[in-house]
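Analysis of the macromolecular model
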Amino acid sequence: MSLQIQMIGTGSAFAKNFYNNNALIHADGFTLLIDCGITAPRALYELGIPLDRIDAVLISHIHADHVGGLEELAFQYRYVFKRKIKLLVPAPLEAVLWEHTLRGGLENKAEGLVGLNDYFEVAALAERTPTSIHPKLTVELLPTDHIPGKASYSFLLNGKVFYSADMRFSKTLLTGLHEQGCEVILHDCQLFCPGTVHACLDELLTLPEEVQEKVLLMHYGDNMSEFIGKTGRMTFIEQFKTYPLPS
Ligand SMILES: Nc1ccn([C@@H]2O[C@@H]3COP(=O)(O)O[C@H]3[C@H]2O)c(=O)n1
Ligand SMILES: [Zn+2]
Ligand SMILES: [Zn+2]
């Protein structure tokens, strides 16, 4: 199987029974970490995956459940592994990630550590442009609505797998992806409505059945088990399990 997904967490920002909604994409021996939240180092430890087995990290937006583990990653790579990990960051978030999130902990002028590039091999990705990050894996950034005024990016992998950043419901986007041949839709799902800054389950249930069949729900709350059997044709993706993806 050349492309697989393994969620290292499937929880909402406030979940305590699930780790932060972050994922590993396995592509022919290449391992991409999508988002690196507060709980990512712990989740990888539990999975027996050393941090230096990750080949690149891709960031969707700068909420802590998506970037809160980057400081540990940066420190471990610099001081333990003594090399840089590749950081794929949407171009509009590059400066913001340093200035608003990481600078407080990582800046060290005495050692000349004054920016993202001092810890990471940074690749700034342009929006709406499929970028090859491995011979078997292309990523396209799709700007999607989450918090008004704050940039947030969902991902289209190989043109066939949609992975939502945290985003509000958009039937237009999801049905459009379905019509374009997208085969799998991984979508954040707030179990109660209104979703406000996320898609909520009742909104996702308004999707046509043929679209729902492609949907794997993630970023859910601790009471997820109460909703098993109540998600129409959609199913919950489970953390730590490995699922095949179309490649
Ligand atoms: N306007 C907002 C902003 C944030 N939030 C909650 O805070 C969380 C931050 O991480 P998240 O995963 O984006 O989910 C957000 C909402 O639960 C919210 O409910 N309403
Ligand atoms: Zn989140
Ligand atoms: Zn968010």
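Residues numbered from 1 in each chain as written. Chains lettered and ligands numbered in written order. Predicted model: local features only at pLDDT ≥ 70, side-chain atom pairs only at ≥ 80, totals over all residues. Heavy atoms only, no water.

This is how it is decided: UniProt positions are given in the numbering used here, feature names are shortened, and annotations may be inferred rather than shown by experiment.
Under the annotation held in an unreviewed UniProt entry, the protein chain carries the name MBL fold metallo-hydrolase and is attributed to Paenibacillus naphthalenovorans. On record in UniProt, under Function (unreviewed entry), the comment for the protein chain is "Counteracts the endogenous Pycsar antiviral defense system. Phosphodiesterase that enables metal-dependent hydrolysis of host cyclic nucleotide Pycsar defense signals such as cCMP and cUMP."

Brief notes about the overall build of the protein chain
Filter applied, for reference: A run of H or I in DSSP counts as a helix once it spans at least four residues, and a run of E counts as a strand once it spans at least two, with each numbered from the N terminus. Only C-alpha atoms enter the radius of gyration; for comparison, a globular chain is expected to reach 2.2 Å times N to the power 0.38, where N is the number of residues. Only protein chains enter the accessibility calculation, which uses a 1.4 Å probe. A residue is then buried if its area is under 20% of the maximum for its type, exposed if over 50%, and partly exposed in between. Residue contacts are defined here by distance: any two heavy atoms, one from each residue, within 4.5 Å place the two residues in contact. Using the Shrake-Rupley algorithm and a 1.4 Å probe, accessible areas are obtained, with residue cover drawn only from the displayed protein chains. When charges are counted, Lys and Arg are positive and Asp and Glu negative, with His and the chain ends excluded. Charge positions are represented by NZ for Lys, CZ for Arg, CG for Asp and CD for Glu.
Secondary structure assignment for the protein chain yields seven helices and 14 strands. The C-alpha radius of gyration of the protein chain comes to 17 Å, within 12% of the 18 Å expected for a compact globule of 247 residues. With the C-alpha coordinates aligned to their principal axes, the bounding extent of the protein chain is approximately 55 × 35 × 35 Å. When burial is assessed residue by residue, the protein chain has 53% of its 247 residues classed as buried. Pairs at least 24 apart in sequence give 58% of the contacts found in the protein chain among residues at least 6 apart. For the protein chain, the exposed surface amounts to about 10,700 Å²; the carbon and sulfur share of it is 51%. Of the charged side chains in the protein chain, 20 are positive and 29 negative, and the gap between their average positions amounts to 4 Å.

Focus: the coordination of the zinc ion (ligand 3)
What counts here: Here the coordinating atoms are restricted to nitrogen, oxygen and sulfur within 2.8 Å of the metal centre, or 3.2 Å for Na, K and Ca, and because water is not among them the sites may look incomplete.
Within the protein, His61 (NE2), His63 (ND1), His146 (NE2) and Asp166 (OD) serve as the donor atoms for the zinc ion (ligand 3), at 2.2 Å. Read from N- to C-terminus, the donor residues coordinating the zinc ion (ligand 3) fall into the pattern H-x1-H-x82-H-x19-D. When its relative accessible area of 3% is taken as the criterion, His61 is described as buried. The exposure class assigned to His63 is partly exposed, which follows from its relative accessible area of 26%.

Notes on the site of ligand 1
To be explicit about the condition: When we say a residue is near a molecule or strand, we mean one of its heavy atoms is within 4 Å of it. A 3.5 Å cut-off defines polar contacts: any pair of N or O atoms within that distance qualifies, except that in protein one atom must be a possible hydrogen donor and the other a possible acceptor, and neighbouring residues in sequence count only when both atoms are side-chain atoms. Ten residue types, Ala, Val, Leu, Ile, Met, Phe, Trp, Tyr, Cys and Pro, are classed as nonpolar, four, Asp, Glu, Lys and Arg, as charged, and the remainder, Gly among them, as polar.
Near ligand 1 the following residues occur: Ala13, Phe14, His63, Asp65, His146, Ile147, Asp166, Val197, His198 and His219. Measuring from an oxygen atom of ligand 1, one finds a side-chain N or O atom of His63 at 2.9 Å. One of the side-chain nitrogen or oxygen atoms of Asp166 is found 3.0 Å away from an oxygen atom of ligand 1. Bound to the protein, ligand 1 loses 64% of the 420 Å² it would expose on its own. The residue inventory of the shell around ligand 1, partitioned by class, reads four nonpolar, four polar and two charged.

Structural notes on the coordination of the zinc ion (ligand 2)
Summarising the metal site, the zinc ion (ligand 2) is bound by the protein donors Asp65 (OD), His66 (NE2), Asp166 (OD) and His219 (NE2), whose distances to it range over 2.0 to 2.3 Å. The distance between the zinc ion (ligand 2) and the zinc ion (ligand 3) comes to 3.7 Å, with Asp166 serving as a donor to both metals. On the criterion of sequence distance, the pair formed by Asp65 in helix α2 (residues 64-67) and Asp166 in the loop between β10 (161-163) and α5 (171-179) is long-range, its members being 101 residues apart. Neither residue differs from the other here; Asp65 and Asp166 are each classed as buried.

Brief notes about helix α1 (residues 40-47)
Defined as follows: When we speak of the arc, we mean the arc of directions from the helix axis to the C-beta atoms.
Within the span of α1, buried status applies to Ala40, Pro41, Ala43 and Leu44. Taken down its axis, α1 places every buried residue within 165 degrees of arc, on the same side. Contacts made by the buried residues of α1 are with β2 (23-27) and α3 (70-81). Once α1 ends, the next one or two residues include Gly48, with phi positive near 75 degrees.

Overview of the environment of Phe81
For Phe81, the position within the fold is in helix α3. Exposure remark for Phe81: the relative accessible area of 24% places this residue in the partly exposed category. Residues Phe81 and Leu51 lie 30 residues apart in sequence; the distance between their C-alpha atoms is 9.2 Å. Contacts of Phe81, omitting those with residues within four sequence positions, involve Leu51, Asp52 and Gln76.

Section: the nonpolar core
Going by this rule: Buried Ala, Val, Leu, Ile, Met, Phe, Trp, Tyr and Cys residues form a nonpolar core when they are joined through side-chain atoms within 4.5 Å.
Ile5, Leu32, Val57 and Leu70 are the most contacted members of the largest nonpolar core, which totals 61 residues. With sequence-adjacent residues up to four places away left out, Ile5 is seen in contact with Ala23, Leu24, Ile25, Tyr163, Leu186, Ile237, Lys241, Thr242, Tyr243 and Leu245. Phe18, Leu156, Val211 and Tyr220 belong to the second-largest nonpolar core, a separate cluster that totals 24 residues.

Focus on the packing of α3 against helix α4 (residues 94-106)
Our working rule: Note on geometry: axes are lines fitted to C-alpha atoms, helical ones only across the stretch in contact, with angles between N-to-C directions running from 0 to 180 degrees. Here roughly perpendicular refers to angles of 65 to 115 degrees, roughly parallel to angles under 35, roughly antiparallel to angles over 145, and oblique to all remaining angles. By convention the crossing between two helices is left-handed if the near helix lies anticlockwise of the far one by an angle smaller than a right angle, and right-handed if it lies clockwise.
The contact between α3 and α4 brings their axes to 10 Å, and the two run at 55 degrees. Between α3 and α4, the crossing angle belongs to the class labelled oblique. Pair α3 / α4 crosses with right-handed handedness. Facing α3, whose interface residues are Leu70, Glu71, Ala74 and Phe75, α4 presents Leu97, Leu102, Gly105 and Leu106. For the contact of α3 with α4, the residue count by class is six nonpolar, one polar and one charged.

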